[in-house]
Each structure stands twice: as structure tokens, then as C-alpha cells.
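Chain by chain, the residues run as shown.
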Amino acid sequence: METVIPCVLMRGGTSRGPFFLGDWLPADPAERDRLLLLAMGSPHALQVDGLGGGNSLTSKVAIVSRSSRDDCDIDYLFAQVSVDRASVDTRPNCGNMLSGAAPFAIDEGLIAARDGMTAVRVHNVNTGAVIEAVVQTPGGRITYEGDTRIDGVPGTAAPVRLNFQDAWGAVTGRLFPTGNRLEMIEGLPVTLIDAAMPMVLMRAEDFGLRGDETAAQLDGNAVLLERIARIRLEAGARMGLGDVSNSVIPKPVLLAPGDNSASIRSRYFTPHACHRSHAATGAVGVASAFFMPDTVAHLCGGPEVQDGYRTVRIEHPSGGMDIDVALDVSSGLVRAAGLVRTARKIMKGMLYVPGQYQISGQLLQREAA
């Protein structure tokens, strides 16, 4: 027997994966995760028997539903499906996949679009944070076509503006989970921060690096990866996340001064390999730390604290990403941050998964051919 369910394959930012409505999947989390592993073809290095692309950036899933909160339009649950392990992690958020959530919800009739632009309040189920996604809806219909270009993606598409306003400490409960902006792990200064994504920020120079290395160069440095892995495990314990051996958070990030005073170089790990561009949530966290004194990021050329929005360019292996950050002068903490992504609907069809799964009270199955 096999289960047959609807599925929409989408690119969100620099990531790609299937999007599902919540009632297309099993309600039981364990059963849902078993289905997602089969759907993506994990564990297998190439994910040849599923939708995955053999890379963490193309092994992601978005699950969207009408919101359970009165102050939001939709719920968005992100799932990171491991490529080479039978693991599905729903603890982190993914801002790149998030950029496809509002267009998908409008396409599937969860919410009505306005003429011109539509602002959608998205409840990220993973972290509890609320993000405003502003999408292009000329004539009251979602469009994916436009002139916006983002580094790491060929061509252009319609812009999707993501505004983060309460993502600070969403996972651990505190922006700086240990109460410190700077501390030592294995003799190196680090910043443990929970700003849109739990991360451990480190200086590239402390590893003998410039910070402009390619992802392939970093991934080929076994000694570097082993040390980063040890630091990440200790960081996870200090941040109250427990044993993070089987979790993708916190994310390790190597930082260095950018090409000018309004930029910073960032090499973001996912967490066991370097991102070919950069996670959107990770960029928000790096940008936030850049403007907050006494953090590793601020030591890489961060400016003096000023009120209002300021922009920093995150330089990543595929180019750059501009983040707008609003700082509260009295506390020296971030109030809000925003960035622009794009999304594209690639295909919609029926997904065939071996086995029987209970979905919305009905068993959807067919005889295997």
C-alpha cells in the first residue's frame, strides 16, 4: 500500500522543499516525521528515492495552517529533514522557507489577498515568534514574478518583505541565554545569542581564517569542523538546549570585518557544513549582534549605538544580504529587524509515500502498482 497526499514544491529564499497544508499530513508528530523522511528520501546521501536534493538547503519542509492565534493569519511549522540520518528537527525556524509561507497560504485559499500588497501575520510554531510577511498581490492575486534579485538564486522574482519583531529569545527565553554577551569556550571568545535563531558566534581570525573562505574550503577542513562541533555542543548545553548532538541548533557562525563599515563577513554552518549562502534567520541574528556592544559580531566593526533603523550587509559565500535593524538606545537591544527575500512556486501534484498513514481522520491510500 502507499499513501497519496497533495504537495507543492517551492523555493523559499535560497532554500527549497515541499509545502503542505497541516491537514494533508498525519496529526501525530511521530507518524508525520516518518512520512517526511520517506517523502524526502532520507537517510541517503543523494535522497535519490524522494524529493530532497542531497543538501540541507534542499531538505526542508514547510507545514502551513490557519492560525491557532487570534492575532495571526497563519501558522508555519518548519521541519529540517536530515539528509544522511533518520532525523526531523522542528526546533529551529527557517526564514528562507518562511518567505514562501504567505504566498502558499494565499494560493491554497487560507487567506484572502488584497489588491496591491498583502501583509500576512505568520505565527512560527517552532519558536512562538510572529513575523509579518508582505507579499505582492496585484489584482488580489499572488504573483511570483518581479524584478527583485537575491544573491544565491538565479534570475529575479517578486519581493517578499519579512519583518521580525518578537524573535528575540524565542527558543531559549532570553536574547543572551547565559546572561553574557561575551564568554569563553575552549579558550575562544564567543557570543551565545537567540535572535531569530539560536547561534554561537565566533571570530574567524581565532581559527586562523580570514572569513572570506568558500564553503567548500571550510567543509574540507576536518580539524576546523571537529573543533566547531565541540564548541557547538558546549554552547548548546550552556544555552539550556541540552544535548544538541541530534539537533540543528545552535548554529555555529564564523565572523570577520566586512568590506566596509556597514558590512560584516559571515560563514554560517547548518550546523555540520557551511551554508552556500546564508540563512535568513541567521542573518537577522548576526545583524542584531553587529549593532549590540560587547558581542563577537560588534568586535568585527560594529558601529556606536544609535536610535532608529540602520542597515548592515551580511557578506556570505554567494554574495550578500541586507538587513535593516532597529535598536533601542536605552537598553542597547534590538527592537525589530527586516529583510527582503523571494519565493517561487515550482510544481503542485500528488506525493506517493510507501505505507499507510492516518490523515485528517481518513486513510488515504491506494494499491501499490
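Here the structure is a predicted model, which is why all the values come from computation and not from measurement.

So, how was this worked out
- Residues numbered from 1 in each chain as written.
- Predicted model: local features only at pLDDT ≥ 70, side-chain atom pairs only at ≥ 80, totals over all residues.
- Heavy atoms only, no water.
- Helix = DSSP H or I, 4+ residues; strand = E, 2+ residues; numbered from the N terminus.
- Rg over C-alpha atoms; globule rule 2.2 N^0.38 Å.
- Buried < 20%, exposed > 50% of the residue type's maximum accessible area, 1.4 Å probe, protein only.
- Contact = heavy atoms within 4.5 Å.
- Areas by Shrake-Rupley, 256 points an atom, 1.4 Å probe, with all protein chains shown as cover.
- Lys, Arg positive; Asp, Glu negative; His and termini not counted.
- Charge placed at Lys NZ, Arg CZ, Asp CG, Glu CD.
- Phe/Tyr/Trp six-rings, centres within 6.5 Å; stacked < 30°, edge-to-face > 60°.

### Brief notes about the overall build of the protein chain
(1) Moving on: When helices and strands are tallied, the protein chain shows six helices and 19 strands.
(2) Moving on: In terms of C-alpha radius of gyration, the protein chain reaches 20 Å, essentially the compact-globule figure of 21 Å for 369 residues.
(3) Moving on: For the protein chain, the spread of C-alpha atoms along the principal axes amounts to about 60 × 45 × 35 Å.
(4) Moving on: Looking at the 369 residues of the protein chain, the share that counts as buried comes to 56%.
(5) Moving on: Long-range pairs, those at least 24 residues apart, make up 63% of the contacts in the protein chain between residues at least 6 apart in sequence.
(6) Moving on: About 14,500 Å² of surface is accessible on the protein chain, with carbon and sulfur atoms providing 48% of the total.
(7) Moving on: Taking the average location of the 34 positive side-chain charges in the protein chain and that of its 40 negative ones, the two points are 2 Å from each other.

### Digging into the environment of Thr 14
(1) Moving on: Relative to the assigned elements, Thr 14 resides in the loop between strand S1 (2-12) and strand S2 (15-21).
(2) Moving on: Residue class for Thr 14 comes out buried when judged on its relative accessible area of 12%.
(3) Moving on: With 248 residues separating them in the primary sequence, Thr 14 and Ala 262 have C-alpha atoms 23 Å apart.
(4) Moving on: In this structure, Thr 14 is in contact with Leu 57, Asn 96, Ile 150, Asp 151, Gly 152, Val 153, His 275, Ser 277, His 278 and Arg 341, ignoring residues within four places of it in sequence.

### Quick notes on the packing of aromatic side chains
(1) Moving on: If you walk through the whole model with that rule in mind, you get three aromatic pairs.
(2) Moving on: Both rings, one in Phe 19 and one in Phe 104, keep their centres 5.6 Å apart while their planes meet at 50°; by these two values the pair is tilted. Of this pair, Phe 19 sits in strand S2 while Phe 104 sits in helix H3 (residues 101-107), and the two are 85 residues apart along the sequence. Grouping residues by exposure puts Phe 19 and Phe 104 together as buried.
(3) Moving on: Considering the side-chain rings of Trp 24 and Phe 104, the 6.2 Å spacing of their centres and the 85° angle between planes classify their relative orientation as edge-to-face. Here the residue Trp 24 occupies a position in the loop between S2 and helix H1 (29-40), and Phe 104 occupies one in helix H3, the gap between them amounting to 80 residues. Like Trp 24, the residue Phe 104 is buried in the burial classification.
(4) Moving on: One aromatic cluster is present, built from ring pairs that chain together Phe 19, Trp 24 and Phe 104.

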